[in-house]
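# Observations on the model geometry
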Amino acid sequence: MSLMAKRWEELADIKRVLARRDWFPGTSGNLAIKIDDEPISFLVTASGKDKTKETNEDFLLVDSKGQPVGETHLKPSAETLLHVEIFNKTNAGCSLHVHTVDNNVISELYGDKGSITFKGQEIIKAYGLWDEDAEFTIPIIYNHAHIPTLAADFAKFVKADAGAILIRNHGITAWGRDALEAKKYLEASEFLFSYHLKLLSFKHVMV
Ligand SMILES: CSC[C@@H](O)[C@@H](O)C(=O)COP(=O)(O)O
Ligand SMILES: [Zn+2]
């Protein structure tokens, strides 16, 4: 099997799992997986599609600027430039973007603060943090409609080979050195968002 076919399958597997969780409402979400380093190229979801459906036109190959490689009628994701920043600035191999109600509510609650920090939770180990008092901070950026502006803002927080960034009232992008790590970062973040919101709602009832 070619590297391209292997990576296609890896991304299709993740897409299938996330779709079953309902993490692609209303055609939202986009996924990317690196194919080559020099020069950088990666597979990205085609724009505007229902990501819960599986077809052989789900992904297309783009270059380090997010432009399609070769002739295609497919349009790369509108948010390809965010994945471009990740692959150009780090050694990440996979980048995942989803819109969920939980990540949107958290981004609105903590948006003015500019970030949310989690600590004292076992699942923080999914971020590779093993200390008892480890903290994980997720930056929250403004949802610029102009994608190059959004990407420039986003890039300021892309500092490691794995990470997560919330875009206010929009969604989360999580990335990692490979597909497993990116999925781990995404799932740990969504777990923490959901836990945090549930805890807040119980506290509200109890006081
Ligand atoms: C209907 S979702 C809004 C989109 O603009 C976007 O935020 C998104 O996640 C999906 O866009 P896409 O171009 O299909 O990758
Ligand atoms: Zn989006």
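Conventions we followed
- Residues numbered from 1 in each chain as written.
- Chains lettered and ligands numbered in written order.
- Predicted model: local features only at pLDDT ≥ 70, side-chain atom pairs only at ≥ 80, totals over all residues.
- Heavy atoms only, no water.
- Helix = DSSP H or I, 4+ residues; strand = E, 2+ residues; numbered from the N terminus.
- Rg over C-alpha atoms; globule rule 2.2 N^0.38 Å.
- Buried < 20%, exposed > 50% of the residue type's maximum accessible area, 1.4 Å probe, protein only.
- Donors = N, O, S within 2.8 Å, 3.2 Å for Na, K, Ca; no water.
- Tetrahedral: all angles 85-135°; square planar, octahedral: opposite > 155°, others 65-115°.
- Axes fitted to C-alpha atoms, helices over the stretch in contact; angles between N-to-C directions.
- Left-handed = near helix turned anticlockwise from the far one by under 90°.
- Contact = heavy atoms within 4.5 Å.
- Nonpolar A, V, L, I, M, F, W, Y, C, P; charged D, E, K, R; others polar.
- Salt bridge = Lys/Arg side-chain N within 4 Å of Asp/Glu carboxyl O.
- UniProt positions renumbered as here; feature names shortened; annotations may be inferred.
- Polar contact = N/O pair within 3.5 Å; in protein donor to acceptor, adjacent residues only side chain to side chain.

When its secondary structure is counted, the protein shows five helices and eight strands. Walking the protein from its N terminus toward its C terminus, one meets helices and strands in the order α-β-β-β-α-β-α-β-β-α-β-β-α. The C-alpha radius of gyration of the protein comes to 17 Å, within 12% of the 17 Å expected for a compact globule of 207 residues. Out of the 207 residues belonging to the protein, those deemed buried represent 49%.

With that settled, the discussion passes to the coordination of the zinc ion (ligand 2). Around the zinc ion (ligand 2), the protein contributes the donor atoms Glu79 (OE), His97 (NE2), His99 (NE2) and His170 (NE2), at 2.1 to 2.6 Å from the metal centre. Taken together, the six donor atoms coordinating the zinc ion (ligand 2) span angles of 73 to 171 degrees at the metal, a pattern that classifies the geometry as octahedral. Mapping the donors of the zinc ion (ligand 2) onto the primary sequence yields the spacing E-x17-H-x1-H-x70-H. You can see His99 sitting in the loop between strand 4 (94-98) and helix 3 (101-110) and its partner His170 sitting in the loop between strand 7 (163-167) and strand 8 (171-176), a full 71 residues away along the chain. Residue classification places His170 among the buried positions, given a relative accessible area of 8%.

Let's shift gears to the packing of helix 2 (residues 80-89) against helix 4 (residues 147-155). Where helix 2 contacts helix 4, the axes come no closer than 9 Å and their chain directions differ by 35 degrees. Of the two possible hands of crossing, helix 2 and helix 4 adopt the one that is right-handed. Residue-level inspection shows Leu81, Leu82, Glu85, Ile86 and Lys89 of helix 2 in contact with helix 4, the latter providing Ile147, Pro148, Leu150, Ala151, Phe154 and Ala155. Among the residues forming the contact of helix 2 with helix 4, the class breakdown is nine nonpolar, no polar and two charged.

So, on to the pattern of salt bridges. Pairs can form between side chains of opposite charge once their charged atoms are near each other. Applying the stated criterion across every chain yields a total of 16 salt bridges. Taking the shortest distance from any N to any O, the salt bridge between Arg168 and Glu108 comes out at 3.0 Å. Placement of Arg168 in the loop between strand 7 and strand 8 and of Glu108 in helix 3 is noted, with a sequence separation of 60 residues between them.

Now for the UniProt feature "domain: Class II aldolase/adducin N-terminal" (unreviewed entry) in the protein. The UniProt feature table records "domain: Class II aldolase/adducin N-terminal" (unreviewed entry) at residues 9-197. As annotated, residues 9-197 has a helix share of 32% and a strand share of 25%, and its two end C-alpha atoms lie 34 Å apart.

In this numbering, the UniProt entry assigns the feature "binding site: Zn(2+)" (unreviewed entry) to His97 and His99. Excluding residues within four positions of it along the chain, His97 makes contact with Phe24, Gly29, Asn30, Leu31, Glu79, His83, Ile167, His170, Gly171, Ile172 and Thr173. A relative accessible area of 22% means that His99 is categorised as partly exposed. His99 has contacts with Trp23, Pro25, Ser28, Gly29, Asn104, His170 and Gly171, leaving out every residue within four places of it along the chain. A polar contact of 3.1 Å, which involves the side chain of His99, links it to the side chain of His97.

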